[in-house]
Amino acid sequence: MSIAENEIRKFEHGNCAENNVFYQAMEEVIYSIAPLLESDDKYIRFGILDRLVVPDRIIKFKVTWLNDDNQVQVNTGYRVQFNNALGPYKGGLRFHPSVNEGILKFLGFEQILKNSLTGLPIGGAKGGSDFDPKGKSDFEVMKFCTAFMTELHKYIGPRIDVPAGDIGVGAREIGYLFGEYKKITSSYEGALTGKPYFFGGSLMRPEATGYGVVYFTQSMLEIENKEPLEGKICTVSGAGNVALHVIEKLQEIGATVVTCSDSHGTVYDPRGIDLALVKELKSNRSTSLEAYVQTHTEAKYTPVSEYPEGEHVVWNVPCYAAFPCATQNELYEADARNLIENGCVSVSEGANMPSTPNAIALLQSHKVCFAPAKAANAGGVAVSEFEMSQNASMSKWSYEKVNFKLQETMQMICKRVALTAKDYGVEGNYVDGANIAGFKKVADAMIAEGI
Ligand code: NDP
Ligand code: 2IT
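Remember, it's a predicted structure, so these values are computed and weren't measured experimentally.

J.: I keep staring at the layout of surface pockets and nothing clicks. Help me out?
T.: Any space left empty among the atoms is revealed by the rolling of a water-sized probe across them. Size it by volume and the second largest pocket reaches roughly 420 Å³. A total of seven residues in the lining of the second largest pocket trace back to one element, the largest contributor, which is helix H16 (residues 379-392). In terms of residue class, the lining of the second largest pocket is built from eight nonpolar, eight polar and six charged.

This is the structure we're talking about:
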């Protein structure tokens, strides 16, 4: 039995379905890093994997708040502090009814390696709640955030753990969370990132993840000797923070984006997505994209109920480059086959783990350039770290400076991932390159820091 198989067997006990996404993320990493484990036995000797796959701590707490009808509401809050070998715990908060410990463990685990790849001093964490911001008034969101922070503040701080946004958590939520943190601790410090610009946020944090995905893809296509994105047809899933800024940057560089989607359905507009309209429709978290076709009769809206079994209609639209930017496991094997048959050249993950393992294997076996989330979407957390830096030095960076550093970071990650893959005999495999490069840095720090 290979070292990787042996390691995976060790961890795959217990059959709690909640943990499936965590095992999915972990298995991919263990298979990828097999050549590293085989080349140097110190990672096994120091028990690095046994230590890395168990979070330092999982904080789980009750969040009680009053809705607008003064009825008591109860949700569960979490913070998974996974690993701080490289710096303070860092990672987003997700507010979505599907949130559970397994999802946050997968996201926190991915975050360790993603943050390592940025080369910045940040560890990995994730948190959130099963609270659903959809259909809630502003005041209800504020009351929930206040109640959530009443407990969370005990565990975070600029040198301890610095949460940020993710699904369902944007500048509005971070603003309320920051306000409560400040009130409870009587201190004005960068314990959260993604704050609105006028009270401590960084320029470009809202755009950073999406723009970074495009910067990464540009680098990858160049390294792989493929034609650039300019003038090409692209498909994007999602219509949230990441998707909208991927679309914005693609349009800015002259690509035509013909799709976007949300949890209710997909818009296909062959003339190119009207971004201003999508932004307007999605400015309220509860609105669906269906209204898009009322003013754009050339476009087609397909509700989720009409998606073919096991497929997402976004990935059946012919494109040069595809960008899954909504959520985990939203690009299946059948979708990968559709993309390949339609001549797709690259797939870049804006969301965390949007492609299933079978889809990735198929894309890679057909030589589609594949940019994994932990490398491609690291621009968001990188600019979060720039925000921590600005907060710590009480300074503000210009848009040009942040944009330059973001571009530099994404190019650096891309080159490092490509080079690592080559060094370990899997040239062109950005999944293995990212996992090996990300893992090695954290593992070496863990060894150097002792047990
Ligand atoms: P948002 O809440 O802004 O947007 C999420 C989008 O995905 C919405 O269009 C939403 O549709 C859709 N969506 C969410 N859940 C589902 C689901 N179960 N099925 C179908 N569609 C769904 O989140 P972000 O854009 O911030 O996050 C998107 C992805 O990017 C996530 O995987 C996140 O972890 C990842 N990410 C985010 C970063 C950031 O800086 N924000 C950084 C790196 C990664 P609807 O509006 O109908 O709910
Ligand atoms: O998945 C992610 O990288 C994020 N949600 C952003 C994390 C952060 O700390 O900015």
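J.: Hey, could you run me through the site of ligand 2 in this one?
T.: Near ligand 2 lie 14 residues; those nearest to it are Lys 90, Lys 114, Gly 165, Arg 205 and Ser 384. In the environment of ligand 2, an oxygen atom lies 2.7 Å from a nitrogen or oxygen atom belonging to the side chain of Lys 90. One of the side-chain N or O atoms of Ser 384 is found 2.6 Å from an oxygen atom in ligand 2. Only strand S3 (89-95), helix H6 (101-117) and H16 provide two or more residues apiece to the shell around ligand 2. Tallied by class, residues from the shell around ligand 2 come to two nonpolar, seven polar and five charged.

J.: How should empty space enclosed by the protein be read in this particular structure?
T.: Summed over the entire model, instances satisfying the criterion amount to one cavity of 30 Å³ or more. In this model, the largest cavity occupies a volume close to 60 Å³. Residues of the lining of the largest cavity, tallied by class, amount to four nonpolar, one polar and four charged.

J.: Even after reading the chapter, I still don't get the environment of Tyr 31, so can you show me in this structure?
T.: Mapping Tyr 31 onto the fold places it in helix H2 (residues 20-32). Residues Tyr 31 and Glu 5, spaced 26 residues apart in sequence, show a C-alpha to C-alpha distance of 7.7 Å.

J.: Explain the nonpolar core to me, please; I cannot follow it from the model alone.
T.: Across soluble globular proteins, you tend to see nonpolar side chains buried next to one another. Counting 39 residues, the largest nonpolar core has Tyr 43, Phe 106, Phe 109, Phe 439 and Val 442 as the members making the most contacts within it. In this view, Phe 439 contacts Ile 33, Leu 36, Leu 37, Tyr 43, Ile 48, Leu 49, Leu 52 and Leu 113; residues no more than four positions away in its chain are not counted. Counting 32 residues, the second-largest nonpolar core is a separate cluster that includes Val 242, Val 278, Tyr 301 and Val 345.

J.: Quick question: what am I supposed to make of H2 here?
T.: Owing to its 3.6 residues per turn, the α-helix aligns residues three or four sequence positions apart on the same side. With 13 residues, H2 extends 18 Å between its outermost C-alpha atoms, agreeing within 8% with the 18 Å of an ideal straight helix rising 1.5 Å per residue. Along H2, the positions that sit buried rather than exposed are Val 21, Phe 22, Tyr 23, Gln 24, Ala 25, Met 26, Val 29, Ile 30 and Ser 32.

J.: Is there a simple way to think about the sheet that holds strand S10 (residues 300-303) in this case?
T.: What holds strands together in a sheet is hydrogen bonding between their backbones, with the strands either parallel or antiparallel. On the basis of which strands lie adjacent, the open sheet formed by three strands has the order S8-S9-S10 and antiparallel pairing. Edge positions in the sheet fall to strand S8 (259-261) and S10, since each has one partner strand and no second. Between one strand and the next, the sheet's axes are offset by a mean angle of 15 degrees, whatever the strand orientation. Relative to S10, strand S9 (residues 265-268) is paired through four bridges, and the arrangement is antiparallel. Residue Tyr 268 lies in a different strand from S10, and its bridge partner there is Lys 300.

J.: Honestly, the site of ligand 1 in this entry has me stumped. Any pointers?
T.: Close contacts around ligand 1 come from 26 residues, with Lys 134, Asp 166, Thr 209, Ser 263 and Asn 352 the closest. Between ligand 1 and Asp 166, the relevant distance is 2.6 Å, taken from an oxygen atom to a side-chain nitrogen or oxygen of the residue. Here an oxygen atom of ligand 1 and a side-chain polar atom of Lys 282 are 3.0 Å apart. Bound to the protein, ligand 1 loses 85% of the 890 Å² it would expose on its own. Of all elements in the fold, only helix H9 (205-223) and helix H10 (241-252) reach the threshold of two or more residues within the shell around ligand 1.

J.: Would you explain the environment of Leu 107 in this entry?
T.: Position of Leu 107 among the secondary structure elements: in helix H6. Measuring from C-alpha to C-alpha, the distance between Leu 107 and Glu 427 comes to 27 Å, with 320 residues separating the pair along the chain. Excluding residues within four positions of it along the chain, Leu 107 makes contact with Arg 94, Lys 126 and Asn 352.

Definitions and cut-offs
Residues numbered from 1 in each chain as written. Chains lettered and ligands numbered in written order. Predicted model: local features only at pLDDT ≥ 70, side-chain atom pairs only at ≥ 80, totals over all residues. Heavy atoms only, no water. 1 Å grid on protein atoms, 1.4 Å probe; cavity = no way out; pocket = protein on both sides within 12 Å on 5 of 7 lines; lining within 4 Å. Points joined across faces, edges and corners; volume = space filled by probe spheres on them. Helix = DSSP H or I, 4+ residues; strand = E, 2+ residues; numbered from the N terminus. Nonpolar A, V, L, I, M, F, W, Y, C, P; charged D, E, K, R; others polar. Near = heavy atom within 4 Å. Polar contact = N/O pair within 3.5 Å; in protein donor to acceptor, adjacent residues only side chain to side chain. Core = buried A, V, L, I, M, F, W, Y, C linked by side-chain atoms within 4.5 Å. Buried < 20%, exposed > 50% of the residue type's maximum accessible area, 1.4 Å probe, protein only. Contact = heavy atoms within 4.5 Å. Expected span 1.5 Å × (residues − 1). Pairing = 2+ DSSP bridges. Axes fitted to C-alpha atoms, helices over the stretch in contact; angles between N-to-C directions. Areas by Shrake-Rupley, 256 points an atom, 1.4 Å probe, with all protein chains shown as cover.

This is a description of form; function is not addressed.
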